[in-house]
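Spelled out, the chains give:
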Amino acid sequence: MDELMNHIANLLGAVALIFWGTYMVKSGMLRTFGMSLRTALSHGLDNRFKGFAAGFCLSSLLQSSTAATLLVAGLQSEGLVNTLIAISCIFGAELGSAFVATVLSLNLAVIAPILILIGVVMFFHYTPSKRQGQFGRIVMGLAFIMVAINQIVVSTEPLRSSADLAPFFLLLHDYLILSFIAGMLLAIGCVSSLAAVIVSSSLYATQVLDYETAIWMVLGANAGSTVLALSTTMFASSVGRRGPYATSFFRALIIALALFVLSVGLPNSIKLPDNVVLFHLSFNALVGLLGLLFIKPLSALIEHCLPNIQNDPTIYSDNKKLFVQENFLSVGISLSVAKKNLIKEIEGIRLLWGDVDTLLRLNPNPGDVMLMRNKAAELVRLNRSLSLFLNRAVTPSLSSYEAIQWQNMKSVNGSLKSAVNLIDHTIEVINEGKCLKHLDFSPEGLRELRESHQIVLSSIETLHAYLSSTDAKEKKELTEKLLAHQKRLLTAAREQTHLHLLRIANDDVNAIETDALHLEIQSLFNRVAGLICASVNLELERV
């Protein structure tokens, strides 16, 4: 009994090592090439065959169809790939994962020690923050998978003669659905179908399981992979879920059909591969081929079931989508997502600042003012969510360039939070000092305040362009433009204050009624412009 428990422990340890090795390869690839892979996927995929090939290569590199699916879901959420391309990519990713399982099932353990040596030297010599260090991590992960697969083969051999486990394996043989469930649970537990396929292959090779039972376990592993695709993208946007949900639906139909055919018996004309791993590869090749064949009706169906709901651009409450798993596949991807949400936040500030102009010109009812302040509250929530997102995106493997990017974004987000709070206070001041009292600025005073308002608006738009730009020369020009806006506003404020005092001296009734309010608004405008300008951390940008 002790010897049996030792073999089972070795088997479970090998399965855990496969999980760890797969994770090391996936995380190393994403940290090293995450943004490059993302960029490559979002450009040049103009038909289903290119998408399928791209998904195949992506999954082969990442050693995980689940990671590939998350990457594709993220791209589709951002509108960088359409539904047809996303579906073809995921079908290709499933075949790529099966291909990797086939290659790794070969006896490659003999080269594992050399790979471990190379990986350790690269990882510690170059440090994890450098690309070469992450490449060492990838090499070690591959070696661990090879060692684990060899250990599974060795550990399953003694199970054949175990009297204690014989009833359990007999139960799997008599009730094939249990074999299917076992394969599915193993795939879900390891977040990969690789371990389940290798275990079932080894159990069949050592004659612990017969061929039919092993095939049912492999189909269960494929079902587990399908469940993973659904669960990991369930919190994505409706558009981002289209690819994973469509492929999962189609794969579930094919798996159900395969189980039915196996239950009633295969026709004599159909011969399955003798090798369990080859069956896994053949099954995914068949699913991919059929998927490409029916991809257009499948795309149309999923787009009908998951329509693209266009949200009001002034609403920012759905910030949970920031924290979906595909946004944390690598630091580069997280920073890219953070930057897009910073731009979204600035766009919201621009819209909110437009409401200030309405308050200057008119005296809207309290309900409209409340809606304006609700926008500010939503922006504060987005800002807070983005701050938490940036905190979560930090890892010890941040490169110096990524660390600078992260600090810049934290700086910008902090300044924007103060700017939103100040704009909200400005709305409150104008509402209480003018709108609720049904007062109006003098025509000259209104013109001057609107002129200052326009300068601040230009500053906000310049910051938006600055964050959207990737050209260093253009960003420098925009920085200078931002500083020029602030200087222009200060000069205009001094001149306008002088003119306002002259109007008071000339007994202008409107100027007298809004005297203190006029000066306070000018001060608030100057402070908002200062915060917008401070959003660009010039010192860090020069590093």
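Residues numbered from 1 in each chain as written. Predicted model: local features only at pLDDT ≥ 70, side-chain atom pairs only at ≥ 80, totals over all residues. Heavy atoms only, no water.

Quick question: what am I supposed to make of the packing of helix α2 (residues 48-62) against helix α12 (residues 276-293) here?
At their nearest, the axes of α2 and α12 sit 11 Å apart, and the two run at 150° to each other. By the angle between their directions, the pair α2 and α12 is classed as roughly antiparallel. When the axes of α2 and α12 are compared, the crossing they make is right-handed. Where α2 abuts α12, its residues Arg48, Phe49 and Phe52 lie against Gly288, Leu292 and Leu293. (Axes fitted to C-alpha atoms, helices over the stretch in contact; angles between N-to-C directions. Helix = DSSP H or I, 4+ residues; strand = E, 2+ residues; numbered from the N terminus. Parallel < 35°, antiparallel > 145°, perpendicular 65-115°, else oblique. Left-handed = near helix turned anticlockwise from the far one by under 90°. Contact = heavy atoms within 4.5 Å.)

Any chance you could explain helix α8 (residues 176-189) here in plain terms?
A turn of α-helix holds 3.6 residues, and therefore any two residues three or four places apart point the same way. Here α8 spans 20 Å end to end across 14 residues, near enough to the 20 Å set by a 1.5 Å rise per residue. Residues of α8 that are buried include every one of Leu176, Ser179, Phe180, Gly183 and Ala187, and no others. The arc that holds every buried residue of α8, seen down its axis, measures 100°, which confines them to one face. For α8, the exposed residues lying more than 90 degrees away from the buried face are Leu185 and Gly189. For α8, the elements touching its buried residues are α7 (166-174), α9 (194-205), α10 (211-232) and α11 (242-264). (Expected span 1.5 Å × (residues − 1). Buried < 20%, exposed > 50% of the residue type's maximum accessible area, 1.4 Å probe, protein only. Arc of directions from axis to C-beta.)

Would you mind showing me how to read the packing of aromatic side chains here?
Going through the model one piece at a time under the given rule, you end up with eight aromatic pairs. Centre to centre, the rings of Phe279 and Phe283 are 6.3 Å apart; their planes meet at 25°, and the pair counts as stacked. Here the residue Phe279 and the residue Phe283 both occupy positions in helix α12, the gap between them amounting to four residues, near one helical turn. You'll find Phe279 and Phe283 in the same group, each marked buried. Site record: aromatic cluster; members linked through ring pairs are Phe91, Phe250 and Phe294. Lying over the aromatic face of Tyr245, Arg241 brings its terminal NZ or CZ to 5.7 Å of the ring centre. Its guanidinium or amino end placed over the ring of Tyr466, Lys475 lies 4.7 Å from that ring's centre, counting from NZ or CZ. (Phe/Tyr/Trp six-rings, centres within 6.5 Å; stacked < 30°, edge-to-face > 60°. Lys NZ or Arg CZ within 6 Å of the ring centre and 35° of its normal.)

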